[in-house]
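Here are the chains, one letter per residue:
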Amino acid sequence: MHKVLLLMKGRFDIPVVICLFALAILLEFAESFSIIEDETLSYRHLLRTLHGDPALTSANEDVLVVYTDENFYSEYGVFPLRRVDLATIINRLSDMGAAIIVVDMLLDFNSAYDEDPSLAEAFSRAGNILLVSQAVFENDQFKEINTAIPAFEQLVESGYSNISSNSDLSETMVRLRIYPEIVAMSEAWPVSVRAASMMLKVQPRLLDQRLYIGNELVIQLDQFNDLYIDYPALPPPPSGEGAIKRHELIGLSAADILFAMDEEELEDLAFLVRDRVILIGEVAEVAHDEFETPAGNVFGVNLIANEIETILKGGPLEAAPLWLETMVAGVLLALIMLSSFISAPLIRNLLIAASVLSFIVVTCWAYVFHGIVLSVSYMVLSSILAFIVVNGRFYLNEMGQKAFIKNAFGQYLSPAVVSDLVKDPTKLTLGGEERVMTAFFSDIAGFSSFSEALTPTELVQLLNDYLTEMCNIIIGAQGTVDKFEGDAIIAFWGAPIEQPDHAKLACFASIDMNNALFRLRDKWLAEGRPRVAVRMGVNTGPMVVGNMGSTQRINYTMMGDAVNLASRLEGANKAFASDLMISEATYLQCQDDVDVRDLDFIRVVGKSEPVRVYQLLDRRNVTAGVRADLVDQYHRALSAYRQRDYVKALNDFEACLSLVADDGPALTFVSRCKQFIASPPETDWDGVWDLKEKG
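All of these numbers come straight from a predicted model, not from anything done at the bench. (Residues numbered from 1 in each chain as written. Predicted model: local features only at pLDDT ≥ 70, side-chain atom pairs only at ≥ 80, totals over all residues. Heavy atoms only, no water.)

A.B. asks: Describe the overall build of the protein chain, naming the residues involved and giving the relevant values.
C.D. replies: Helix and strand counts for the protein chain stand at 26 helices and 25 strands. A globule of 695 residues ought to have a C-alpha radius of gyration of about 26 Å, yet the protein chain, at 49 Å, is considerably larger. Its C-alpha atoms give the protein chain principal-axis dimensions of roughly 150 × 50 × 45 Å. Per-residue burial over the protein chain gives 50% buried out of 695 residues. Long-range contacts, defined as pairs at least 24 residues apart, comprise 71% of the intrachain contacts of the protein chain with a sequence gap of at least 6. For the protein chain, the accessible area works out to roughly 33000 Å², and carbon and sulfur atoms hold 55% of it. (Helix = DSSP H or I, 4+ residues; strand = E, 2+ residues; numbered from the N terminus. Rg over C-alpha atoms; globule rule 2.2 N^0.38 Å. Buried < 20%, exposed > 50% of the residue type's maximum accessible area, 1.4 Å probe, protein only. Contact = heavy atoms within 4.5 Å. Areas by Shrake-Rupley, 256 points an atom, 1.4 Å probe, with all protein chains shown as cover.)

Here's what the structure looks like:
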């Protein structure tokens, strides 16, 4: 559990993305913005008409449209169709064996030309007429059904034909809504439902979001009692331009019926009409009875024909149940959540893109081949927002990480190193990491007595000048200033970024600091301040480096035996009156880059293993003049000392003092040689000098 909490720490994107998908499911169920969703249906329906099962996507030839269009009215001579001629068409269709005749005309007013009796007689004679009516709403509340005039209403069945888009912003007709309140109050049904029930000679029922037409035809509706209209696949027109209309494929012009010259001509057309649902309606542009649909613009009478087809096929398109929508959304959410743990932006974003693309492919596959309508826009939109949130968190973390690096290391590292870390923060390993590095310690010799000679203000000013100069050199040499402890400076090379030449960099920085100290010392002496002497210790070896401390306060620092030895070497300078001591481990890594003076084999306080130490002098082949002569003479003396020829060694070390009277290492060995001449060491002495104090 603790590991999970650590993994989730700072992961604001996880609850946000979960909330986005939860909100998407709620909005999806409420269909809060159908305009976008309906557009996705257009593309899916195009794929369905091209690749779906022809048995389901083909137009139903049991539903025939008898239409009046521009060509009809050009021959007819007047507009609209007169009721007496409508009566003639109905009588002839009835004689031709039409199972049901649906008249897509709202006959809610009396004819001014005394045409109603003949039309009423035709309705009565046919006995299978279905007239369209209109459901009236006020403030989205059902009020009444506007039916045909009483003279017609008592002779026919009726069904309301007005359907509307699911979106206030779009007019696309996607679904047919069956209103339970209309069924309950007026026992009225959509004209397509009534036509299907008349065709099957059974009564429709609405129960638990299912439309029952008899006992065999059961159609699943969505949560709003909506039926998805399955617009059929239509072939391209012979000309290859535009799109064919349903009535052009399965339809008859009213002129063929009305203007037939004899019974024989009608008999030749009877096979198209017999036992079919016949719709009579306008397809003329002047009628302005055209609607947007996922299959393009469709005339109102064709829209009713498509509704009837959809019902007679059992509702091939079915809204996915909430559990399936939730499961698919959950899989998509899981993939996006998985991507949020991938730090590589290309892989992360490819996974998100692949997940969304796979989701779209699945929804298209389900729609085209199985008629399952999964919502697309809500999940895609939530995925886009999740993409922004996930990448936003990485961006903010990256910015925060860069700010952390700059704040944490800007004062202690060179700008080049900080810039490198900012570009590639992976070079900064948080926590503890073992590396071979080079540690540096320095301290002002006799600081207590030194500070007593200055006022507090003067002491602070002097320390600021000293620490600033030394710190600038360390940072300029790509080092890391670990901390200041009073007058002491602790630094290291080899972290936070890898530095193969960390020993050389540390030695060069130490040389430069020593040289800078000479200039500072001269300046301070000229200002009447005490003489400053600084001891430095450098060691190379395995160390643990990283962010260490408590949960309230951490510090990027180093620790380990190699670090402790560097500290001891700084103090060991006191035993040799030297200024800059490095270990053999450091020297071996950069021996081709520096000049040194071999000091001794020593055993520092707290350590049982001896270490060979050197005085760091300068960069390679830079030591010259008296100092070079001193080093040569010193090494001859040291050779005699290690051969236990203390008399010769004493003479040679004293010769060193003739070159540089206050040379610390030579003075140290002069004293030691005199001691050994008076009291030689044991014959089994290993030549290692044991230090008695830390420094």
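Still more ground to cover, so stick around.
A.B. asks: Let's hear about a negative patch on the surface: which residues, and what values?
C.D. replies: Taken together, the side chains of Glu75, Asp256, Asp262, Glu263, Glu264, Glu265 and Asp268 make up a negatively charged region of the molecular surface. Considering each element in turn, the negative patch owes the most residues, four residues, to helix α13 (residues 263–273). You can see Glu264 is positioned in helix α13. Residue classification places Glu264 among the exposed positions, given a relative accessible area of 59%. (Patch = residues over 30% accessible without salt bridge, like charges linked within 9 Å, V, L, I, M, F, W, Y side chains within 5 Å. Salt bridge = Lys/Arg side-chain N within 4 Å of Asp/Glu carboxyl O. Lys, Arg positive; Asp, Glu negative; His and termini not counted. Charge placed at Lys NZ, Arg CZ, Asp CG, Glu CD.)

A.B. asks: So what's going on with the pattern of salt bridges? Which residues, and what values?
C.D. replies: Taken as a whole and judged by the stated rule, the model has 27 salt bridges. Of the charged contacts in the structure, one is a salt bridge between Asp561 and Lys607, with a shortest N-O distance of 3.5 Å. Residue Asp561 is found in helix α22 (residues 561–576), and its partner Lys607 is found in the loop between β23 (594–603) and β24 (611–619); the two are separated by 46 residues along the sequence. Look at Lys607 and you get partly exposed, because its relative accessible area is 25%. One network of salt bridges, in which partners are shared, links Glu433, Arg435 and Glu498.

A.B. asks: Describe the confidence of the model for the protein chain, with residues and values.
C.D. replies: Of all residues in the protein chain, 92% have pLDDT values of 70 or greater, and the mean over the chain is 88. Under a pLDDT of 50 for its full length, residues 1–8 has, in the predicted model, two contacts with residues more than four places off or in other chains. (pLDDT = per-residue confidence, 0-100.)

A.B. asks: Would you mind going over unusual backbone geometry in detail, with residue names and values included?
C.D. replies: That bond from Phe79 to Pro80 is cis: its omega, 0 degrees, falls within 30 degrees of zero. Along the chain, Pro80 turns up in the loop between α5 (70–76) and α6 (83–95). At the junction of Ala495 and Pro496, the peptide bond is cis and its omega measures out at 5 degrees in the coordinates. Tracing the chain through its elements places Pro496 in the loop between β19 (488–493) and α21 (502–526). In the Ramachandran plot, Asp275 falls in the positive-phi region, its phi being about 65 degrees despite a non-glycine side chain. Mapped onto the elements, Asp275 comes out in the loop between α13 and β12 (277–282). Residue class for Asp275 comes out exposed when judged on its relative accessible area of 54%.

A.B. asks: Please give an account of the packing of aromatic side chains that cites residues and values.
C.D. replies: Taken as a whole and assessed by the stated rule, the structure comprises 21 aromatic pairs. One aromatic cluster is present, built from ring pairs that chain together Phe576, Tyr634, Tyr641, Tyr646, Phe653, Phe669, Phe676, Trp685 and Trp689. Its end group placed over the ring of Tyr634, Arg597 keeps NZ or CZ at 4.6 Å from the ring centre. Note that Arg672 overlies the ring of Trp689, its terminal NZ or CZ placed 3.8 Å from the centroid. (Phe/Tyr/Trp six-rings, centres within 6.5 Å; stacked < 30°, edge-to-face > 60°. Lys NZ or Arg CZ within 6 Å of the ring centre and 35° of its normal.)

A.B. asks: Got a sec to walk through the side chain of Asp600? Specific residues and values, please.
C.D. replies: Looking at the element boundaries, Asp600 is found in strand β23. We classify Asp600 as buried; its relative accessible area is 1%. Polar side-chain contacts of Asp600 include one of 2.6 Å to the side chain of Arg672. Those residues in contact with Asp600 that sit more than four places away from it in its chain are Phe576, Val611, Arg612, Val613, Arg642, Phe669, Arg672, Gly687 and Trp689. (Polar contact = N/O pair within 3.5 Å; in protein donor to acceptor, adjacent residues only side chain to side chain.)

A.B. asks: Provide a residue-level description of the environment of Val156, including the pertinent values.
C.D. replies: Structurally, Val156 is set in the loop between α8 (150–153) and β5 (157–160). Owing to a relative accessible area of 11%, Val156 belongs among the buried residues under this scheme. Considered as a pair, Val156 and Ser124 are 32 residues apart in the sequence and their alpha carbons are 7.8 Å apart. Val156 has contacts with Phe123, Ile129 and Leu131, leaving out every residue within four places of it along the chain.

A.B. asks: Please provide a residue-by-residue account of the sheet that holds strand β9 (residues 217–220), values included.
C.D. replies: Taking strand neighbours across the sheet as the criterion, the three strands line up as β7-β8-β9 in an open arrangement whose pairing is antiparallel. Bordering the open sheet on either side are β7 (204–207) and β9, each of which pairs with just one other strand. When the angles between neighbouring strand axes are averaged without regard to direction, this sheet yields 20 degrees. As judged from the four bridges shared by strand β8 (residues 210–213) and β9, these two strands associate in the antiparallel manner. Within β9, the position partnered with Arg210 by the bridge is Gln220. Most of the contacts of helix α10 (residues 191–200) go to β8, to which it runs at about 35 degrees, and overall it touches β7, β8 and β9. (Pairing = 2+ DSSP bridges. Axes fitted to C-alpha atoms, helices over the stretch in contact; angles between N-to-C directions.)

A.B. asks: Hey, could you go over the pairing of strand β22 (residues 580–583) for me, with residue numbers and the actual values?
C.D. replies: Every second residue of β22 is oriented toward a common face, with Leu580 and Ile582 on one face and Met581 and Ser583 on the other, all of them buried. Of the pairings in the sheet, the one linking β22 to β24 comprises three bridges and is antiparallel in character. Across the sheet, Ile582 pairs through a bridge with Tyr614, a residue of β24.

A.B. asks: Please give an account of α10 that cites residues and values.
C.D. replies: Among the ten residues in α10, eight count as buried, and that is most of the element. The set of residues buried in α10 consists of Val191, Ser192, Val193, Arg194, Ala195, Ala196, Ser197 and Met198. One or two positions beyond α10, positive phi appears at Lys201, with a value near 60 degrees.

A.B. asks: How would you sum up a nonpolar patch on the surface? Please name residues and give values.
C.D. replies: Together, Phe12, Val16, Tyr395, Leu396 and Met399 make up an exposed nonpolar region whose accessible area comes to about 450 Å². Counting residues per element, the nonpolar patch draws most heavily on helix α17 (residues 377–409), which supplies three residues. With respect to the helices and strands, Met399 occurs in helix α17.

A.B. asks: Run through the pairing of β24, naming residues and quoting values.
C.D. replies: Here β24 lies mainly inside the structure; seven of its nine residues are buried. Note that β23 and β24 share eight bridges and pair antiparallel. The residue bridging Ile602 from the neighbouring strand is Val611, located in β24.

A.B. asks: So, the packing of helix α24 (residues 625–642) against helix α26 (residues 664–678): which residues are in play, and what are the values?
C.D. replies: Between α24 and α26, whose axes approach to 12 Å, the crossing angle comes to 25 degrees. In terms of orientation, α24 and α26 fall into the roughly parallel class. Handedness of the α24/α26 crossing: left-handed. From α24, Tyr634, Leu638 and Tyr641 reach across to α26, where they touch Pro665, Ala666, Phe669, Arg672, Cys673 and Phe676. Residues belonging to the contact of α24 with α26 are distributed by class as follows: eight nonpolar, no polar and one charged. (Parallel < 35°, antiparallel > 145°, perpendicular 65-115°, else oblique. Left-handed = near helix turned anticlockwise from the far one by under 90°. Nonpolar A, V, L, I, M, F, W, Y, C, P; charged D, E, K, R; others polar.)

A.B. asks: Now, about the environment of Lys143: what can you tell me, with residues and values included?
C.D. replies: Of note, Lys143 is situated in strand β4 (residues 141–146). Exposure remark for Lys143: the relative accessible area of 46% places this residue in the partly exposed category. Placed 461 residues apart in sequence, Lys143 and Val604 show a C-alpha to C-alpha distance of 102 Å. Those residues in contact with Lys143 that lie beyond four places of it in its chain are Val136, Phe137 and Glu138.

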